[in-house]
Amino acid sequence: MRNQFIESSIKIATKDPKLLILAGDIGVFGFRHFRENFPYQYYNIGICEQTIIGIAAGLSSSGFHPTMHSITPFIVERCFEQIKDDFYYQQLGGTIISVGGTFDYSMLGCTHHSYSDIGLFRTLPKAEIFTPCDVNEFAKIYETVYNNERLTYIRLTEHSIEIPYKLKSNIYKGTKLSSGGDISLFVVGPQLKNALSVVELSKKKNINIDLCYFSSLNPIDSKLIRESARKTKRVITLEENLVDTSFGSIVSSVLDEFYDITIHRLGIKDFVRDYGSYTDLLELNELTDKKIVKEIEALLLG
Amino acid sequence: MINNAGEGHIPSSLSIVEILYVIYKKFILNKYNINDPNRNVFILSKGHASAALYAILFHFNLLKEDLLTYCKSNSKLGGHPDYNKISCVEASTGSLAHGFPIALGIALAKIINGNSGNVFVLVGDGEVNEGPIWESIMVAINLSLNNIVLIIDNNRSQSYATQFDYKNILQSFGWVGTEIDGHNPDLIFQTIHDLLTKSNNTPKFIIANTVKGKGVSFMENNPAWHHRVPTKEEYKLIMEELS
């Protein structure tokens, strides 16, 4: 998805001299063609995330469309006060694109894992949040939002998949990928891969899933969530984020007025102090298709 | 203003009155237009001295609000200046070390667009403790932001914590600048003028040595007054001394 970020940036910069990429000493090699072709539109500010955000805010107030880029914990968590004050408080537009969410840097331990970024952005209610899992999905989002004069957060993944369906053309709307009356499965990000497998495994057990995928976590497509949940009365949310602060909480809020709907939120429950591969860490957090199917069966029995 | 509100940072505001007066009178006011991309820009990074900023803006007719609405509900004049509420405020500051990076962004925008004009940013010596100040000092050099003028209001509010020779340190980073008495308006003007005309190819700085609470004998260098609002009697004494 990083390559798509570079390609989309080149495509946008070709027609818009106001797009500026501000990087924290990351992607320097990847962006070399961009730099050569658009030397006034790429700035490697250095490893100083708080200052990157401040500079971007000054550029935004001067009429540019800054995109700030670095590794998730550093460009979101480390400099969050700058995002809050320099962008949200001042009501300035800008795009923050992070790489290395959740367990993309699985072997590097806690400092390089990130599953709290969504939760942090949710403390800024009008900030937009996207967690695409498909490179074309990302391209559409980025090319739409980069100059929308709002604070937007897009989290890249190293584990992109090809979504075998056509998503809704409106990036803020969720898409129903399969229809079923037994359980609603709402998913964001690369966990869609598990979700698609879960739908097939469940069919074999005669369980029919209403699978809905969301590119945008904020604003959230409440209409689709409510329609599906009212039909099945049983909801599972699935994500690679901290459930208490991220997509699971968003869905719970959307459905909070419905007393007869049961919601199970799957994702990361607490701090993860381990290494290994992306798959190892997902297994540790019970984010495998087989475990998810077990959850579904439990919910149906319960 | 502050007495009426029951809120304010008087000594931090008093230390920068001359600096603000000179910058606005000599460098901002001439043909002032907030929409002119070639304008000189001023950012008060030490945003808690908002009372001084509002007083100067009002004095020069850039602000039409009633100063006695300072810090009141529904006022445009908050305890820290708000970019969205006051048209001539170029950045919402208040949290230290935010104004300086924002100033860098505005300076970079001017360079990319080929616009003229300098970006003046005023930080406090206490504020210089913060990390992004040093990040900005380095980035300004790396990006050749030669249209930046950094002014440090050195009222030694941090003399209890840290004290460094900022002039030598900044020069060692490649900035060009000097240290002066921050309460001498003629000297302030001459120093800025000389820096702007003689040093075209580096970011510039001025260490302005000032007195916190300048002009009121019982406030000067007295930490008890940092965030204190005078009583009625104290207010009388202050106004007597200042006039």
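The coordinates are above.
Residues numbered from 1 in each chain as written. Chains lettered and ligands numbered in written order. Predicted model: local features only at pLDDT ≥ 70, side-chain atom pairs only at ≥ 80, totals over all residues. Heavy atoms only, no water.

A.B. asks: What exactly am I supposed to notice about the overall build of chain A here?
C.D. replies: A count of helices and strands for chain A gives 12 helices and 12 strands. Here the C-alpha radius of gyration of chain A, 19 Å, is about what a compact globule of 302 residues would show, namely 19 Å. Overall, chain A is about 60 × 40 × 35 Å in size when its C-alpha atoms are taken along their principal axes. Going through the 302 residues of chain A one by one, you find that 59% of them count as buried. The long-range fraction of contacts in chain A, counting pairs at least 24 apart against all pairs at least 6 apart in sequence, stands at 76%. For chain A, the computed accessible surface area is about 12,300 Å², with 50% contributed by carbon and sulfur atoms. (Helix = DSSP H or I, 4+ residues; strand = E, 2+ residues; numbered from the N terminus. Rg over C-alpha atoms; globule rule 2.2 N^0.38 Å. Buried < 20%, exposed > 50% of the residue type's maximum accessible area, 1.4 Å probe, protein only. Contact = heavy atoms within 4.5 Å. Areas by Shrake-Rupley, 256 points an atom, 1.4 Å probe, with all protein chains shown as cover.)

A.B. asks: For this particular structure, what's the right way to read helix H12 (residues 289-301) of chain A?
C.D. replies: An α-helical segment advances 3.6 residues per turn. Residues three or four places apart therefore align on the same side. Residue and element names in this part refer to chain A. Here H12 spans 18 Å end to end across 13 residues, near enough to the 18 Å set by a 1.5 Å rise per residue. Those residues of H12 that sit buried are Asp 289, Ile 292, Val 293, Ile 296 and Leu 299. Looking straight down H12, one finds its buried side chains confined to an arc of 120°; they lie on one side. Residues of H12 that are exposed and point more than 90 degrees away from the buried face comprise Lys 290, Lys 294 and Leu 301. For H12, the elements touching its buried residues are strand S8 (183-188), helix H8 (192-204), strand S9 (209-214), strand S11 (234-242) and strand S12 (262-268). (Expected span 1.5 Å × (residues − 1). Arc of directions from axis to C-beta.)

A.B. asks: Please explain the sheet that holds strand S3 (residues 65-71) of chain A as it appears in this structure.
C.D. replies: Working definition: the strands of a sheet are paired by backbone hydrogen bonds and lie parallel or antiparallel to each other. Residue and element names in this part refer to chain A. One open sheet accounts for seven strands, arranged S2-S1-S3-S4-S6-S5-S10; its pairing is mixed. Strands at the two margins of the open sheet, each flanked by one partner only, are strand S2 (42-44) and strand S10 (216-218). Sheet twist, expressed as the mean angle between neighbouring strand axes with direction ignored, is 20°. As defined by bridge partners, S3 adjoins strand S4 (residues 94-99) across five bridges and the pair is classed as parallel. Bridge pairing in S4 places His 69 opposite Ile 97. Helix-sheet contacts for helix H1 (residues 2-15) involve strand S1 (19-23), S3 and S4, and the interaxial angle to S1 is about 145°. Helix-sheet contacts for helix H5 (residues 80-89) involve S3, S4 and strand S6 (151-155), and the interaxial angle to S6 is about 135°. (Pairing = 2+ DSSP bridges. Axes fitted to C-alpha atoms, helices over the stretch in contact; angles between N-to-C directions.)

A.B. asks: How should empty space enclosed by the protein be read in this particular structure?
C.D. replies: Empty space left among the atoms is revealed by rolling a probe the size of a water molecule over them. All names here are of chain B. A full pass over the atoms with the stated rule returns three cavities of 30 Å³ or more. As a volume, the largest cavity reaches approximately 60 Å³. Contributing to the lining of the largest cavity are Tyr 24, Phe 42, Ile 43, Leu 44, Leu 53, Pro 81, Cys 88, Val 89, Glu 90, Ala 91 and Thr 93. A total of three residues in the lining of the largest cavity trace back to one element, the largest contributor, which is strand S1 (residues 41-44). Residue classes in the lining of the largest cavity are distributed as nine nonpolar, one polar and one charged. (1 Å grid on protein atoms, 1.4 Å probe; cavity = no way out; pocket = protein on both sides within 12 Å on 5 of 7 lines; lining within 4 Å. Points joined across faces, edges and corners; volume = space filled by probe spheres on them. Nonpolar A, V, L, I, M, F, W, Y, C, P; charged D, E, K, R; others polar.)

A.B. asks: What should I look at first to understand the layout of surface pockets in this one?
C.D. replies: By volume, the largest pocket is sized at about 540 Å³. Secondary-structure elements contributing two or more residues to the lining of the largest pocket are helix H1 (2-5), helix H2 (10-14), helix H3 (17-28), helix H4 (50-59) and helix H9 (232-242) of chain B. Looking at the lining of the largest pocket residue by residue, the classes come out as 18 nonpolar, two polar and no charged. Estimated volume of the second largest pocket: approximately 300 Å³. Every residue lining the second largest pocket is counted, 16 residues in all, and those nearest its centre are Ser 61 and Ser 62 of chain A together with Ile 34, Arg 39 and Glu 90 of chain B. If one sorts the elements of the lining of the second largest pocket by residue count, helix H5 (residues 99-113) of chain B sits on top with four residues. Classifying every residue of the lining of the second largest pocket by side-chain character gives seven nonpolar, six polar and three charged.

A.B. asks: Just to check I follow, could you spell out the interface of chain B and chain A for this structure?
C.D. replies: Where the parts come together, the accessible area they lose is often given as the size of the interface. Listed per partner, the contact involves 22 residues of chain B and 24 residues of chain A. Taking both sides of the interface into account, the surface hidden between chain B and chain A amounts to around 2,000 Å²; carbon and sulfur atoms contribute 60%. Here chain B is connected to chain A by zero salt bridges. Remark: the boundary between chain B and chain A carries six residue pairs in polar contact (both at pLDDT 80 or more). Mapped by element, the contributors of at least two residues to the side of chain B that touches chain A are H5 and helix H6 (131-142) of chain B. Here the residues of the side of chain B that touches chain A are counted per class, giving 13 nonpolar, seven polar and two charged. (Buried area = accessible area lost by both parts, 1.4 Å probe. Salt bridge = Lys/Arg side-chain N within 4 Å of Asp/Glu carboxyl O. Polar contact = N/O pair within 3.5 Å; in protein donor to acceptor, adjacent residues only side chain to side chain.)

A.B. asks: Looking at this structure, I do not really get the sheet that holds S12 of chain A. What am I missing?
C.D. replies: All names here are of chain A. Pairing within the open sheet is mixed, and its five strands lie in the order S7-S9-S8-S11-S12. A single partner strand is all that each edge strand has here, and the edge strands are strand S7 (175-178) and S12. Taking each pair of neighbouring strands and ignoring which way they run, the sheet shows an average axis angle of 25°. Pairing of S11 with S12 involves six bridges; the strand directions are parallel. The partner of Leu 242 across the bridge, within S12, is Ile 268.

A.B. asks: Whenever I open this one, the pairing of strand S4 (residues 176-181) of chain B confuses me. Can you help?
C.D. replies: All names here are of chain B. Alignment of S4 against strand S5 (residues 204-209), held across six bridges, turns out to be parallel. Each residue of the ladder has a partner; that of Thr 178, found in S5, is Ile 206. Regarding the hand of the β-α-β motif, the stretch spanning S4, helix H8 (residues 185-198) and S5 is right-handed. (Right-handed = clockwise from strand over helix to strand, strands pointing away.)

A.B. asks: In this structure, what is going on with the side chain of Asn 147 of chain B? I would like to understand it.
C.D. replies: Residues and elements named next belong to chain B. Structurally, the position occupied by Asn 147 is in the loop between H6 and strand S3 (148-154). Relative accessible area serves as the criterion here: at 9%, Asn 147 is assigned to the buried category. Leave out the neighbours within four places in its chain, and Asn 147 touches Ala 107, Lys 110, Ile 111, Gly 117, Asn 118 and Val 119.

A.B. asks: Explain the pattern of salt bridges to me, please; I cannot follow it from the model alone.
C.D. replies: Once their charged atoms are close, side chains differing in charge can pair, the charge on each being opposite to the other. Going through the model one piece at a time under the given rule, you end up with 16 salt bridges over all chains. Between Glu 90 of chain B and Arg 39 of chain B there is a salt bridge, and its shortest N-O distance comes to 2.8 Å. Of this pair, Glu 90 of chain B sits in the loop between H4 and H5 while Arg 39 of chain B is found in the loop between H3 and S1, placing the two residues 51 residues apart along the sequence. Judged by relative accessible area, Glu 90 of chain B falls into the buried class, the value being 9%. Overall, Arg 39 of chain B belongs to the buried group, its relative accessible area being 17%. For the salt bridge of Arg 228 of chain B with Glu 234 of chain B, the shortest nitrogen-to-oxygen distance reads 2.4 Å. On the basis of relative accessibility, which here comes to 17%, the residue Glu 234 of chain B falls in the buried class. Each of Lys 176, Asp 210 and Lys 231 of chain A takes part in salt bridges that share partners, so that together they form one network.

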